[in-house]
Amino acid sequence: MEEFELIRKIIPTYYRQPSVVKGVGDDAFVFRSSEDIVFTTDTMVEEVHFSRKTMDTHAVGYRALAANVSDLAAMGSRPAFYSVSLVLTPDWTDEEILALYDGMEQLAEKHSMDLVGGDTVSGSQTVVAITAHGYLPPDKGRYRSDAEDGDVIFVTGTLGDSRGGLEELMNPGESVSGHLIARHRYPEPKAEFAAGLTSLSRLCLNDISDGIASEANEIATASGVRLHLQKEKVPVSEELRNRYPDQAGEWALSGGEDFELLGTVAPGEKEALLEKARELDIRLTFIGTVSASDLPEVLLHSPQGTETLQPTGYTHLKERRKRL
Ligand SMILES: Nc1ncnc2c1ncn2[C@@H]1O[C@H](COP(=O)(O)OP(=O)(O)O)[C@@H](O)[C@H]1O
Ligand SMILES: Cc1ncc(C[n+]2csc(CCOP(=O)(O)OP(=O)(O)O)c2C)c(N)n1
Ligand SMILES: [Mg+2]
Ligand SMILES: [Mg+2]
Ligand SMILES: [Mg+2]
């Protein structure tokens with residue numbers, strides 16, 4: 001299957017979004033809008049974000065799109081379109097390439113998204129780069145800079161499971177946890193939840209890709225506030241706690257790739273949040289509060305005492321060699 005044959009196979013036969021003016025097949029994609037447009041991009045590199053030794057390409061495609069949908073969710077937008085830029089090494093089989101697109105389609109269908117373009121090239125390392133677009137009612141963007149003194153802090157789902165699943169895949173023991181592996185391979189970005197909160201006048205949101213330690217600090221810095229997190233309240237699944245009792249706490253804070261939402265709202269909005277979470281069968285946990293501060297920081301409180309939570313999540317470009 002060469003480049004043009006692949007494009008013929010993946011090209012959509014219909015579009016879910018009515019705003020498509022020109023879909024895949026011309027020099028670029030065209031759509032029409034009266035709303036604000038959000039766009040985001042995230043890249044996955046083989047052996048950095050996934051390994052084909054432990055994951056089939058269906059899950060690779062799903063996760064690559066999930067990372068983007070999670071960012072659209074974190075802005076409060078309704079996902080609409082995505083385009084896919086691929087660098088593929090010569091060892092990729094036709095089946096692997098088509099399964100990659102099937103994985104994306106599985107999530108795209110759930111969020112009514114359309115594949116509207118991309119690019120396909122051969123190269124020496126596999127890269128899957130996706131750009132995604134979403135719609136936003138005017139002035140309903142949900143920013144990291146919108147946390148205020150007196151807010152309550154919430155998080156969706158449970159944290160650390162994706163890191164637990166990665167452990168199961170990379171260092172399998174005698175038995176494996178299907179639950180944790182599924183959480184790693186097929187995370188569920190909370191876009192419907194975030195976009196369904198338009199009745200809230202103010203909502204601060206960030207999504208958890210690097211680890212809550214990192215994203216909580218991003219909110220503190222962007223909003224110029226202090227976040228107080230109660231360590232015992234950070235939601236950890238029973239499965240993770242049972243299988244990894246020594247690591248579960250740390251992985252919940254800095255494991256990353258859970259693609260859940262971290263946010264803050266005025267205490268009066270708590271009930272509205274809980275109602276939407278109940279409606280969509282999403283676990284929602286209040287884990288702390290926001291206070292005014294000249295020094296943006298995140299404090300982690302536990303019965304053992306209080307510590308500053310450093311942004312210890314996943315960071316790229318830390319280890320680079322100097323050019324000789
Ligand atoms: N190489 C780059 N060039 C331009 N903008 C970038 C680049 N890398 C990241 N950004 C921007 O920096 C911000 C933070 O990026 P990132 O930490 O990757 O966010 P996220 O964790 O939500 O994906 C985003 O606005 C992103 O678009
Ligand atoms: C093979 C493999 N090794 C390591 C990881 C763990 N990992 C890779 S990237 C990452 C953080 C999130 O990726 P990033 O590119 O920072 O996404 P963004 O924050 O831009 O959404 C983590 C936890 C993995 N998923 N797979
Ligand atoms: Mg990013
Ligand atoms: Mg993000
Ligand atoms: Mg990151």
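Shown above is the structure to which this text applies.
To keep things clear, this report deals only with the structure shown in the data block. As the structure is a prediction and not an experimental result, all values here were calculated from the model. (Residues numbered from 1 in each chain as written. Chains lettered and ligands numbered in written order. Predicted model: local features only at pLDDT ≥ 70, side-chain atom pairs only at ≥ 80, totals over all residues. Heavy atoms only, no water.)

Regarding the site of ligand 1
Okay, so step 1: Around ligand 1, the neighbouring residues are Asp42, Asp71, Arg144, Asp207 and Ser209.
Okay, so step 2: Residue Asp71 places a side-chain N or O atom 2.9 Å away from an oxygen atom belonging to ligand 1.
Okay, so step 3: In the environment of ligand 1, an oxygen atom lies 3.2 Å from a nitrogen or oxygen atom belonging to the side chain of Arg144.
Okay, so step 4: Here the shell around ligand 1 is composed, by residue class, of no nonpolar, one polar and four charged. (Near = heavy atom within 4 Å. Polar contact = N/O pair within 3.5 Å; in protein donor to acceptor, adjacent residues only side chain to side chain. Nonpolar A, V, L, I, M, F, W, Y, C, P; charged D, E, K, R; others polar.)

Some thoughts on the sheet that holds strand S5 (residues 114-122)
Okay, so step 1: In space, the four strands of this open sheet follow the order S3-S6-S4-S5, with mixed pairing throughout. For this open sheet the edge positions go to strand S3 (36-45) and S5, each flanked by a neighbour on one side alone. Across the sheet, the mean angle separating the axes of adjacent strands is 15 degrees when strand polarity is ignored.
Okay, so step 2: Pairing geometry for strand S4 (residues 78-88) and strand S6 (residues 127-136), over nine bridges, is antiparallel. When the sheet's bridge partners are listed, Leu86 is paired in S6 with Val128. (Pairing = 2+ DSSP bridges. Helix = DSSP H or I, 4+ residues; strand = E, 2+ residues; numbered from the N terminus. Axes fitted to C-alpha atoms, helices over the stretch in contact; angles between N-to-C directions.)

Points about helix H7 (residues 212-223)
Okay, so step 1: Over its 12 residues, H7 runs 16 Å from end to end, which matches the ideal 16 Å to within 8%, given 1.5 Å per residue.
Okay, so step 2: For H7, the complete set of buried residues consists of Ile212, Ala213, Ser214, Glu215, Ala216, Asn217, Ile219, Ala220 and Ser223.
Okay, so step 3: Its buried side turned inward, H7 meets strand S8 (204-207), strand S9 (225-230), helix H9 (248-254), strand S10 (261-265), strand S11 (284-292) and strand S12 (297-302).
Okay, so step 4: Positive backbone phi, at 65 degrees, marks Gly224, one or two positions downstream of H7. (Expected span 1.5 Å × (residues − 1). Buried < 20%, exposed > 50% of the residue type's maximum accessible area, 1.4 Å probe, protein only. Contact = heavy atoms within 4.5 Å.)

Looking at the sheet that holds S9
Okay, so step 1: What the seven strands build is an open sheet, ordered S8-S10-S7-S11-S9-S12-S13; its pairing is mixed. Whereas interior strands pair on both sides, the edge strands pair on one side only; in this sheet they are S8 and strand S13 (305-308). Going across the sheet, the axis of each strand differs from the next one's by a mean of 25 degrees, ignoring polarity.
Okay, so step 2: Where S9 and S11 come together, five bridges link them in antiparallel fashion. The residue of S11 that forms the bridge with His228 is Thr289.

Details of the packing of helix H2 (residues 57-74) against helix H3 (residues 94-110)
Okay, so step 1: Packing of H2 against H3 leaves a shortest axis separation of 6 Å and a crossing angle of 40 degrees. Considered as vectors, H2 and H3 are oriented oblique to each other. The hand of the H2/H3 crossing is right-handed. Residues Thr57, His58, Val60, Gly61, Tyr62, Leu65, Ala66 and Val69 of H2 touch H3, and the partners they reach there are Glu96, Ala99, Leu100, Asp102, Gly103, Met104, Gln106, Leu107 and Ala108.
Okay, so step 2: Here the residues of the contact of H2 with H3 sort into 10 nonpolar, five polar and two charged. (Parallel < 35°, antiparallel > 145°, perpendicular 65-115°, else oblique. Left-handed = near helix turned anticlockwise from the far one by under 90°.)

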